[in-house]
Amino acid sequence: MGLLSDPSISTQSKLVDGLARHVRKVCYALYVAGVAWFFCLALPEFNHGTYLSENALSPGLVYPEIRIDANRLAIQLLEELQRERKDHLSTTPHAWIAAKMNEFGLETHTHNYTLRYPFGGGKEYHGKNIYGILRAPRIASTEGIVFAAPYRAASSVHADISASVPLLLAFADFARRKNYWAKDLIFLVTEQEQLGMQAWLEAYHDGDRDLDVSKAYLRPGNLPARAGSLQAALNIEVQDLEIDHVDVRIEGLNGKLPNLDMFNLVQRIMAREGIASGYKQAPRKKRRHSQSHFEQNLRQMLTMLASQSSGVPTGNHGLFHRYRIDALTIAANRRATHATLKGSPGSAAVPLLKAIEGIARSLNNLLERFHQSFFFYVIVNNDRYISIGDYMPALVALVACAFLKAYLTWSTLPATNAELDKAAGWLKEHEQEVELEENLDPDKFELPYGSVLIYLTATLLIGFLCNVLPLQQYFLEIPMGAAPLTTSVLSFLSLIGFVLPFVVVLPPGGLELLHVAFLLIYGCALIVIGLLNFALGFFAAVLTVPLVIALETKEENSRSTLRNTIRLATLAMNPMMVVYVIVLAMTFYQFPELPLQKIMLRAATAAMDASAYGLIDSVIYGNWLYFVICTIFLPLWIICWTLSLSKRRDYADYLDFDESPSTPSQLQSQVQPQSKVKTN
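For every chain, the first residue of the written sequence is number 1, and numbering continues from 1 along that sequence. Local features in this predicted model are restricted to residues whose pLDDT is 70 or higher, and side-chain atom pairs enter the listing and the counts only when it is 80 or higher, whereas totals over whole chains, interfaces and linings include all residues. For side-chain calculations, the full set of non-hydrogen atoms in the structure is used, while hydrogens and water are omitted.

- Looking at an unreviewed UniProt entry, one finds the chain named Glycosylphosphatidylinositol anchor attachment 1 protein, with Drosophila yakuba as its source organism.

See below:
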């Protein structure tokens, strides 16, 4: 704030006055520059080719040793598992998995966990994970690598990935026969998708910590045995042993990504084994397209940012990142037809098994954690990327609009009683002849800092209540589902924020001061969000910066049509409205055959579910999205709505104005100047 409050900076400076007169034009120019910079990143001249920074990985340096006998074992295990699945339609065949791990010589253990569902009225759900440890024969158990496969029950509505477990067990049997492992290998089969993985990770790292059972929703329990410090993890999701392509999924919790070296390692190994793989890899029949390279790259970038912005992991690997463990998922999709199958169907799984072996042996060579390559990047295509130093200027240009407008707004505020232009004009309108005294106290005029601070605190309190109230015991006892309850609480608090500017009117100078505070808080919030999750910060900036630039508190500087348009746009920017519009667009894209009325109704139901799922993800997994929307975006929207209304208290009411003052000097002492904000 030193720069903004430096008294040596004259408010009558020609540069400041010139910028203040054209502040909107300058800000819109910065906005266009930021968006244009992002679009330019799709050009090859603005991005870079991928490479391996960690020489110790040495991908493909050794000849793969897996043979066709491992494929036969995988086929045999898959047939046995299919028979077991008939007896376990909605459960996991724990006994069969544990027996196979014991048969292959692994140190097998069972992990039990309990979930106390927040909106379940005290109901508890129990789960069980099975894991086996292959101790490193050449070194003490100081480091470990995790190979995980989620088990999906036969009754699940999601795609069948039951082939993942046989493939994992076949590789475990191969790894047990080798003595070159320098790290412990953990083979993990999880239950209940990401919930089982989250419980296992909490038990692995925090199992010995005392847990408040009354407040914890997920009770991870304790692990009977552990390996060393986990260096990396590979999650395997295979639909069938005969695969068409491999989709490499990297998005983790809250938009975190694994080290770029790990993605490049998987790509190198898959290419060596002749497997079509990549980020958002498409099936063979959909790979032909007529789009230009620029359009393909831009679509890939926007797809990745859209996936990151929600903060929801695209696989079980995403939960490792919060523990500083680099992980990704290889999702192998089944081949639609056997017409183009090369070789014998009995050896279809050999390339994928060789790829897993190559990845494991490269990770086994690591001398330390991944650190040499990038953790913040955007994938343009499978062999090109954009680093943080290239894409952050786009966000900085967008956020610079808020800081520039805050500086110019502050610089044009009246600082002393010598600036009584507005007051003098007000007196002329009332045909009062007033002689202003020459010797005025230059420090008499003060901005209402206290009132603005209280107003900001009230808006933050509304956001805090959005996080706290839905989980209070009183609300949980209401016979209402999670989605209607959460939506009702959020709607009620949003309504309070909507009514707040009509109830609380700031004193003279308060709106201008609130405007400056809003711009500073808005800019800082977007920068912080962008550093933690660039996708969320960038999309929020692109959507809201034009409204922030157009926002104005002085009625004499804005046309009524423009002001009404800004108010309507501000209403449309309500966080709940934005969520509904996003869900509506997704619903229309997925169900174009439905009539509009049904699409809107289905979108409303999905938006209500999204609010409940966001809250549940926040308390169980630590997803930030719900917290950011309630604690940051909703208070900012309330302030923006207040500024768009521009309701200000009359000076006469504020100063206890006397309609018949006895002397002109008394009248002058009762009048305070309005702010001189010259923007257009």
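### A short note on the overall build of the chain
Item 1. To qualify as a helix, a DSSP run of H or I must reach at least 4 residues; to qualify as a strand, a run of E must reach at least 2; elements of each kind are numbered from the N terminus. A count of helices and strands for the chain gives 22 helices and 12 strands.
Item 2. Exposure is judged per residue with a 1.4 Å probe applied to protein chains only, and the accessible area is read against the type maximum: over 50% gives exposed, under 20% gives buried, and values in between give partly exposed. Sorting the 680 residues of the chain into buried and exposed places 51% on the buried side.
Item 3. For the chain, contacts bridging at least 24 residues in sequence account for 82% of all contacts bridging at least 6.
Item 4. Residue-level accessible areas treat just the shown protein chains as cover; the underlying method is Shrake-Rupley with a 1.4 Å probe. Of the roughly 31,300 Å² of accessible surface on the chain, a fraction of 58% belongs to carbon and sulfur atoms. It only takes one pair of heavy atoms within 4.5 Å for two residues to be counted as in contact.

### Comments concerning the confidence of the model for the chain
Item 1. Looking at the chain, pLDDT values average 84 and 84% of them are 70 or higher.
Item 2. Confidence of the predictor at the level of single residues is given by pLDDT, which spans 0 to 100. Predicted confidence for residues 416-443 stays below pLDDT 50, and this span has 40 contacts to residues more than four positions away or in other chains.

### Some words on the sheet that holds strand β11 (residues 377-381)
Item 1. The pairing criterion for strands is at least two bridges between them, as found by DSSP. Reading across from one edge, β1-β12-β11 is the order of the three strands in this open sheet, with antiparallel pairing throughout. The open sheet has two edge strands, β1 (48-49) and β11, and neither has a second partner.
Item 2. In this analysis, axes come from line fits to C-alpha atoms, helices being fitted only over the stretch in contact, and the angle between any two N-to-C directions falls in the range 0 to 180 degrees. Packed on one face of the sheet, helix α10 (residues 388-411) meets β1, β11 and β12 (384-387) and runs near 55° to β12.

### Re the layout of surface pockets
Item 1. Using a 1 Å grid laid over the protein atoms alone, points where a 1.4 Å probe fits but cannot get out form a cavity; open sets with protein on both sides within 12 Å along at least 5 of 7 lines form a pocket; any residue with an atom within 4 Å of a point counts as lining. Grid points are joined across faces, edges and corners, and a volume is the space filled by probe spheres set on the points. Counted as a void, the second largest pocket has a volume near 1,200 Å³.
Item 2. If you trace the second largest pocket, you find 40 residues lining it, with His158, Gln192, Glu193, Gln194 and Tyr621 closest to the centre.
Item 3. Contributions of two or more residues to the lining of the second largest pocket are made by β2 (107-116), β3 (124-134), α6 (194-206), β10 (326-334) and α19 (596-620).
Item 4. Here the element with the most residues in the lining of the second largest pocket is α19; it accounts for four residues.
Item 5. Side-chain classes are defined by residue name, with Ala, Val, Leu, Ile, Met, Phe, Trp, Tyr, Cys and Pro counting as nonpolar, Asp, Glu, Lys and Arg as charged, and the others, Gly among them, as polar. A breakdown of the residues in the lining of the second largest pocket according to their chemical character gives 18 nonpolar, 16 polar and six charged.

### Some words on the packing of helix α17 (residues 560-572) against helix α20 (residues 625-645)
Helix packing geometry: the angle between the two helix axes and the distance between the axes.
Item 1. Across the interface, α17 lies against α20 with an axial gap of 9 Å and an inter-helix angle of 165°. In terms of orientation, α17 lies roughly antiparallel with respect to α20. The element α17 and its partner α20 pack so that their crossing is left-handed. Where α17 abuts α20, its residues Arg563, Ile566, Arg567, Thr570 and Leu571 lie against Trp637, Cys640, Trp641, Leu643, Ser644 and Leu645.
Item 2. When grouped by side-chain class, the residues that make up the contact of α17 with α20 number seven nonpolar, two polar and two charged. An angle below 35 degrees is read as roughly parallel, one above 145 as roughly antiparallel, one from 65 to 115 as roughly perpendicular, and any other as oblique. Crossing chirality is assigned from the near helix's rotation relative to the far helix, an anticlockwise turn below a right angle marking it left-handed and a clockwise turn marking it right-handed.

### Some thoughts on the side chain of His515
Item 1. As for its position among the elements, His515 is in helix α15 (residues 510-532).
Item 2. Of the residues examined, His515 reaches a relative accessible area of 2% and is grouped as buried.

### What to know about the side chain of Ser162
Item 1. When you line up the elements, Ser162 lands in the loop between β4 (143-150) and α5 (164-176).
Item 2. Look at Ser162 and you get buried, because its relative accessible area is 2%.
Item 3. Residues within four places of Ser162 in sequence aside, it is in contact with Leu78, Leu81, Gln82, Arg85 and Val238.

### What to know about the nonpolar core
Item 1. Think of a nonpolar core as a cluster: buried Ala, Val, Leu, Ile, Met, Phe, Trp, Tyr and Cys residues, connected wherever their side-chain atoms sit within 4.5 Å. Phe147, Phe171, Phe187, Trp200, Ile250, Leu352 and Phe518 are the most contacted members of the largest nonpolar core, which totals 182 residues.
Item 2. Considering every element that reaches this core, the biggest residue donor is α10, with 12 residues.
Item 3. The residues contacting Phe518, other than those within four sequence positions of it, are Val548, Leu551, Leu636, Ile639, Cys640 and Leu643.

### Describing the UniProt feature "transmembrane region" (unreviewed entry) in the chain
Item 1. UniProt positions are given in the numbering used here, feature names are shortened, and annotations may be inferred rather than shown by experiment. Per the UniProt annotation, the sites labelled "transmembrane region" (unreviewed entry) are residues 452-471, 483-506, 518-551, 571-591 and 624-645.
Item 2. The span residues 518-551 carries 94% helix and 0% strand; its end-to-end C-alpha distance comes to 11 Å.
Item 3. Within residues 624-645, the helical portion is 95% and the strand portion 0%, while the C-alpha atoms at the span's ends are 31 Å from each other.

### Thoughts on the sheet that holds strand β8 (residues 243-249)
Item 1. The nine strands are arranged β6-β2-β3-β5-β4-β7-β10-β8-β9 in an open sheet whose pairing can be described as mixed. Bordering the open sheet on either side are β6 (218-219) and β9 (277-278), each of which pairs with just one other strand.
Item 2. Contacts from α5 reach β3, β4, β5 (184-190) and β7 (229-238), with the element oriented near 160° to β5.
Item 3. Where α6 meets the sheet, it contacts β2, β3, β4, β5, β6 and β7, and its direction lies at approximately 110° from that of β2.

### Focus: the pattern of salt bridges
Item 1. Salt-bridge detection follows one rule: a side-chain nitrogen of Lys or Arg within 4 Å of a carboxyl oxygen of Asp or Glu. Per the stated rule, a full pass over the model turns up 17 salt bridges.
Item 2. Arg152 is paired through a salt bridge with Glu193; the nearest N and O atoms lie 2.7 Å apart. A residue pair is termed long-range when its members are at least 10 positions apart, and Arg152 in the loop between β4 and α5 and Glu193 in the loop between β5 and α6 qualify at 41 residues.
Item 3. Here Asp326 ties to Arg324 by a salt bridge, and the two come within 3.2 Å at their closest N and O atoms.
Item 4. Given a relative accessible area of 3%, Asp326 falls into the buried group.
Item 5. Exposure remark for Arg324: the relative accessible area of 35% places this residue in the partly exposed category.

### Quick word on α5
Item 1. To estimate the expected span of a helix, subtract one from its residue number and multiply by 1.5 Å. Its 13 residues place the ends of α5 18 Å apart at the C-alpha level, agreeing with the 18 Å of an ideal helix rising 1.5 Å per residue.
Item 2. When you tally the buried positions in α5, you get 12 out of 13 residues, the bulk of the element.
Item 3. Regarding α5, the residues found buried are Ser164, Val165, Pro166, Leu167, Leu168, Leu169, Ala170, Phe171, Ala172, Asp173, Phe174 and Ala175.

### As for the pairing of β11
Item 1. Within β11, four of the five residues are buried, leaving the element largely enclosed by the surrounding structure.
Item 2. Where β11 lies against β12, four bridges are found, and the strand directions are antiparallel. Residue pairing in the sheet places Asn381 in a bridge with Arg384 of β12.
Item 3. Linking β11 to β12, which pair antiparallel, is a turn of two residues.

### With respect to the pairing of β10
Item 1. Most of β10 is tucked away, with eight of its nine residues classed as buried.
Item 2. Both β7 and β10 contribute to a ladder of seven bridges, which runs parallel. Residue pairing for β10: Ala232 is matched across the bridge by Asp326.
Item 3. Two elements, β8 and β10, share six bridges in a ladder whose sense is antiparallel. Across the sheet, residue Arg249 finds its bridge partner in β10, namely Thr329.

### Considering unusual backbone geometry
Item 1. A positive phi is found at Gln192, a non-glycine position, where the angle reads about 65°.
Item 2. Relative to the elements of secondary structure, Gln192 occurs in the loop between β5 and α6.
Item 3. Note on Gln192: relative accessible area 47%, which makes it partly exposed.
Item 4. A positive phi angle, near 60°, is found at Asn254, a position not held by glycine.
Item 5. Topologically, Asn254 is positioned in the loop between β8 and α7 (260-272).
Item 6. For Asn254, a relative accessible area of 5% gives the class buried.

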